[in-house]
Amino acid sequence: MADAVIVVPLLLVAASATLAVVLRDPTRQALVLSVLGALLAVLFTVLQAPDVGLSQLAVGSALTPLLIMLSVRKVRRRGRSEDRGT
């Protein structure tokens, strides 16, 4: 039973990391990265590292995807304004 508690989050982490690499849209990649961060936080907690899990939850599932989304938004806006010639 204890092995399943570790194997299931580990498989979910591997699947979400693979999905983040396979996706081509940066917005969707950021959303999957957020899920990956939450799953890693669960895995760290299961592996009895709750302090690392809390840090991962804050940084990996909230802060990093937010920064990526804001960067993508800014780049897309800049691209649109250059297409218009302004």
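Placed above this text is the structure.
Everything quoted here is computed from the prediction, not taken from an experiment.

Caption draft 1: Focus on helix α1 (residues 2-22). Over its 21 residues, α1 runs 31 Å from end to end, which matches the ideal 30 Å to within 8%, given 1.5 Å per residue. Considered for burial, the residues of α1 that qualify are Pro 9, Val 13, Ser 16 and Ala 20. Along the axis of α1, the buried positions cluster into a sector of 70°, meaning they face one direction only. Exposed side of α1, more than 90 degrees from the buried face: Asp 3, Leu 11, Val 21 and Val 22 are the residues found there. Here the buried face of α1 lies against α2 (26-46).

Caption draft 2: Structural context of a positive patch on the surface. On the surface, Arg 73, Lys 74, Arg 77, Arg 78, Arg 80 and Arg 84 cluster together to form a positively charged patch. Inspection of the secondary structure assignment puts Lys 74 in helix α3 (residues 50-84). Look at Lys 74 and you get exposed, because its relative accessible area is 54%.

Caption draft 3: Focus on the environment of Ser 16. Take Ser 16: it is sitting in helix α1. With 19 residues separating them in the primary sequence, Ser 16 and Val 35 have C-alpha atoms 7.3 Å apart. Other than its neighbours up to four places away in sequence, Ser 16 contacts Val 32, Leu 36 and Leu 39.

Caption draft 4: Highlighting α2. In this model, α2 (21 residues) spans 30 Å end to end at C-alpha, consistent with the 30 Å of a helix rising 1.5 Å per residue. Inspection of α2 places Ala 30, Val 32, Leu 36, Gly 37, Leu 39, Ala 41 and Leu 43 among the buried residues, and these make up the whole buried set. Trailing α2 by a residue or two, Gln 48 shows a phi angle of about 65°, which is positive.

Caption draft 5: Structural detail: the environment of Pro 9. Checked against the element boundaries, Pro 9 lands in helix α1. On the accessibility criterion, Pro 9 (9% relative accessible area) is buried. For the pair Pro 9 and Leu 40, spaced 31 residues apart in sequence, the C-alpha to C-alpha distance is 7.8 Å.

About the thresholds
- Residues numbered from 1 in each chain as written.
- Predicted model: local features only at pLDDT ≥ 70, side-chain atom pairs only at ≥ 80, totals over all residues.
- Heavy atoms only, no water.
- Helix = DSSP H or I, 4+ residues; strand = E, 2+ residues; numbered from the N terminus.
- Expected span 1.5 Å × (residues − 1).
- Buried < 20%, exposed > 50% of the residue type's maximum accessible area, 1.4 Å probe, protein only.
- Arc of directions from axis to C-beta.
- Contact = heavy atoms within 4.5 Å.
- Patch = residues over 30% accessible without salt bridge, like charges linked within 9 Å, V, L, I, M, F, W, Y side chains within 5 Å.
- Areas by Shrake-Rupley, 256 points an atom, 1.4 Å probe, with all protein chains shown as cover.
- Salt bridge = Lys/Arg side-chain N within 4 Å of Asp/Glu carboxyl O.
- Lys, Arg positive; Asp, Glu negative; His and termini not counted.
- Charge placed at Lys NZ, Arg CZ, Asp CG, Glu CD.

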